[in-house]
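Tertiary structure, described
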Amino acid sequence: MSGLLKAVFKKLIKKGRLEVVYPDKRREIYGDQNAKDSAAVEILTQETCLRLLVNPGLAFGEGYMDETIKPINCSIYDVLNVILQNDLAEGHYVEKIASVLRFGKRFWSQLNSLKTSQKNVAHHYDLNGALYSLFLDEDRQYSCAYFRTGNETLDEAQLAKKKHIAAKLKLDQPGLEVLDIGCGWGGMALFLAKEFDVHVTGITLSQEQLQAAKERAKKAGLEHKVCFELRDYRLVEKKFDRIVSVGMFEHVGVNYYVEFFKDINKILKPDGVMLLHSIGRSDGPGSTNPWINKYIFPGGYSPSLSEVFASVEKSGLWVTDCEILRLHYAKTLRLWHDRVKEEKEKIIQMYDERFYRMFDFYLSASELSFYYHNHMNFQLQISPSLDALPMTRDYMFEVEGKLDS
């Protein structure tokens with residue numbers, strides 16, 4: 001098996017320098033000998049070699065978690081930084097076939113029914129809340145932050161994200177009813193209720209997040225302006241003036257995009273406005289990495305803009321503004337990862353070493369996907385009305401300026 005895997009690495013690694021130690025202790029060096037980016041890794045078993053040949057997208061992460069793949073004098077980030085610079089599909093014939101098969105069956109892997117959606121959300125978001133408090137900002141914003149200069153702290157960038165989104169919602173009329181779909185631990189809803197004369201309803205499918213959000217509203221004295229519910233967006237019947245959704249659309253499933261936007265049209269008032277914030281991909285429709293799908297976000301998928309716009313077009317809604325945030329999530333993930341590494345021992349005590357390696361791999365691979373795998377974030381401002389919003393973006397800048405002062 002080692003011989004076949006050597007041939008794969010030789011074809012795969014064209015950028016960067018990767019040294020691989022095989023189970024028989026033989027060493028091979030691949031790629032550019034003088035490359036700036038270099039790493040070394042040991043593969044400890046022949047079984048792991050076989051799995052890397054048959055299902056590399058799943059096997060590499062599992063090998064690292066199970067310690068049958070070990071970085072040598074470097075981190076898993078360094079190893080992935082070399083590997084992901086290269087074209088996996090072109091360098092690994094089996095992975096090329098597997099990616100085609102994953103794309104073909106993605107409609108089945110993303111059948112996010114009401115029951116399945118709650119189960120998938122619980123898999124990741126109902127983990128011990130103390131885990132997230134170790135690496136997220138004080139407000140527990142578990143989504144892409146907004147870096148105006150690139151030098152902000154995590155808390156500064158997450159606050160800037162909330163201001164940026166609030167400005168796009170145009171909350172200048174008193175008494176507006178706002179729906180937050182996928183409200184997380186309540187940070188966005190509480191921010192809007194505190195800064196504007198609005199009433200916010202936050203919905204989530206996570207029991208852990210719901211309880212925390214309710215406690216935060218009570219502690220902040222905002223229970224009269226904010227309420228939180230355990231509810232699927234498909235079961236909302238009330239009409240709202242504004243809708244915001246941050247980091248939730250990735251869990252909708254490609255089969256449900258048209259339905260999602262039609263549901264938005266039903267519950268958004270005729271002159272209403274929605275702000276949708278999501279991870280996306282710039283290179284067209286794709287599929288979810290099998291390791292991410294199994295261990296991190298079951299049923300999750302980051303859509304291409306072409307998929308999203310095509311679905312909006314079928315819903316009767318207007319996209320009134322679109323902004324692409326290219327490297328903001330990469331910077332966010334780097335700051336999260338730095339904190340996770342600082343809190344390594346606490347996370348191991350909370351779970352175990354294998355769980356820590358899983359999170360280490362997840363954050364490393366996710367950050368690098370924004371550099372090498374055409375990932376980005378997008379913000380779409382959406383409305384049923386052609387003229388519900390001003391003709392230029394000036395009002396957005398004015399609101400952000402006021403919130404900064």
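Provided above is the structure to which this section pertains.
Residues numbered from 1 in each chain as written. Predicted model: local features only at pLDDT ≥ 70, side-chain atom pairs only at ≥ 80, totals over all residues. Heavy atoms only, no water.

Topic: the overall build of the protein
Each helix and strand in the protein was counted, giving 19 helices and 11 strands. Counting only residues that meet the buried cut, the protein has 57% of its 405 residues in that class. A sequence separation of at least 24 residues applies to 72% of the contacts in the protein between residues at least 6 apart. (Helix = DSSP H or I, 4+ residues; strand = E, 2+ residues; numbered from the N terminus. Buried < 20%, exposed > 50% of the residue type's maximum accessible area, 1.4 Å probe, protein only. Contact = heavy atoms within 4.5 Å.)

What about the pairing of strand E11 (residues 375-383)?
E11 sits mainly inside the fold: 9 of its 9 residues count as buried. Both faces of E11 are covered, namely the face carrying His-375, Asn-377, Gln-379, Gln-381 and Ser-383 and the face carrying Met-376, Phe-378, Leu-380 and Ile-382. Judged from the 8 bridges that link them, strand E9 (residues 268-281) and E11 form a sheet pairing that is antiparallel. Within the sheet, the bridge partner assigned to Arg-281 lies in E11 and is His-375. Relative to E11, strand E10 (residues 318-325) is paired through 7 bridges, and the arrangement is antiparallel. Note that in E11 the partner of Cys-322 across the bridge is Leu-380. (Pairing = 2+ DSSP bridges.)

Examining the packing of aromatic side chains
One pass over the structure, following the stated rule, counts 25 aromatic pairs. Ring plane angle 75° and centroid distance 6.1 Å describe the contact between Phe-135 and Tyr-142, whose orientation is recorded as edge-to-face. Each of the two residues, Phe-135 as well as Tyr-142, counts as buried. A ring pair is formed by Phe-359 and Tyr-362, whose centres lie 5.3 Å apart and whose planes are at 85°; its orientation type is edge-to-face. Separated by 3 residues within a single helix, Phe-359 and Tyr-362 lie in helix H18 (residues 353-372), roughly one turn from each other. (Phe/Tyr/Trp six-rings, centres within 6.5 Å; stacked < 30°, edge-to-face > 60°.)

Here's the deal with the pattern of salt bridges
The final tally for this structure, using the stated rule, is 25 salt bridges. Between Lys-346 and Glu-343 there is a salt bridge; the shortest N-O distance is 3.5 Å. Owing to a relative accessible area of 19%, Glu-343 belongs among the buried residues under this scheme. We note a salt bridge from Arg-357 to Glu-353, for which the minimum N-O separation is 3.8 Å. (Salt bridge = Lys/Arg side-chain N within 4 Å of Asp/Glu carboxyl O.)

Some details on the sheet that holds strand E3 (residues 38-43)
Here 4 strands make up an open sheet; going across it, the order is E2-E1-E3-E4 and the pairing mixed. Two strands in the sheet have a free side with no partner beyond their single neighbour: strand E2 (27-31) and strand E4 (69-71). The sheet shows a mean angle of 25° between the axes of neighbouring strands, taken without regard to direction. As judged from the 5 bridges shared by strand E1 (residues 17-21) and E3, these two strands associate in the parallel manner. Bridge pairing links Val-20 to Val-41 in E3. Across the sheet, helix H4 (residues 76-83) lies against E1, E3 and E4, angled at about 105° from E3, the strand it touches most. (Axes fitted to C-alpha atoms, helices over the stretch in contact; angles between N-to-C directions.)

So, the nonpolar core
Counting residues in each nonpolar core, the largest one holds 64 residues, and the members touching the most others are Leu-18, Tyr-142, Trp-291 and Phe-359. For this core, the leading source of residues is H18, giving 10 residues. Counting only domains with at least three residues in this core, you end up with domain 1 (1-91) and domain 2 (114-404). When near neighbours in sequence (up to four residues on either side) are disregarded, Leu-18 contacts Phe-9, Ile-13, Glu-28, Ile-29, Tyr-30, Ala-39, Val-41, Val-79, Val-82 and Ile-83. Counting 28 residues, the second-largest nonpolar core is a separate cluster that includes Ile-203, Leu-276, Val-308 and Phe-378. (Core = buried A, V, L, I, M, F, W, Y, C linked by side-chain atoms within 4.5 Å. Domains from an automatic or database assignment.)

Some thoughts on helix H16 (residues 328-342)
Residues separated by three or four positions in an α-helix point in the same direction, a consequence of the helix having 3.6 residues per turn. With 15 residues, H16 extends 22 Å from end C-alpha to end C-alpha; this agrees with the ideal 21 Å at 1.5 Å per step. Buried within H16 are the following residues: His-328, Tyr-329, Ala-330, Thr-332, Leu-333, Trp-336, His-337 and Val-340. (Expected span 1.5 Å × (residues − 1).)

A word on the side chain of Lys-225
In this fold, Lys-225 is placed in the loop between helix H12 (207-220) and strand E7 (226-230). Salt bridges are absent for the buried Lys-225, whose nearest opposite-charge side chain, Asp-197, sits at 5.0 Å. Among the polar contacts made by the side chain of Lys-225, one reaches the main-chain carbonyl oxygen of Ala-193 at a distance of 2.4 Å. Look past the residues within four positions of Lys-225 in its chain and what remains in contact with it is Ala-193, Phe-196, Asp-197, Val-198, His-199 and Val-200. (Lys, Arg positive; Asp, Glu negative; His and termini not counted. Polar contact = N/O pair within 3.5 Å; in protein donor to acceptor, adjacent residues only side chain to side chain.)

Overview of the environment of Gly-300
Structurally, Gly-300 can be placed in the loop between helix H14 (290-295) and helix H15 (305-313). Using a relative accessible area of 6% as the deciding quantity, one classes Gly-300 as buried. Between the C-alpha atoms of Gly-300 and Val-252, which are 48 residues apart in sequence, the distance is 7.3 Å.

As for the environment of Gly-272
As for its position among the elements, Gly-272 is in strand E9. We classify Gly-272 as buried; its relative accessible area is 0%. Separated by 117 residues in sequence, Gly-272 and Leu-389 place their C-alpha atoms 9.2 Å apart. Leaving out residues up to four positions away in the same chain, Gly-272 has contacts with Asp-241, Arg-242, Ile-382, Ser-383 and Pro-384.

Topic: the side chain of Glu-400
Counting through the fold element by element, Glu-400 comes out in helix H19 (residues 394-404). Side chain to side chain, Glu-400 and Arg-148 meet in a polar contact 2.9 Å long. Discounting chain neighbours no more than four positions away, the residues touching Glu-400 are Tyr-146, Arg-148, Lys-163, His-164 and Ala-167.

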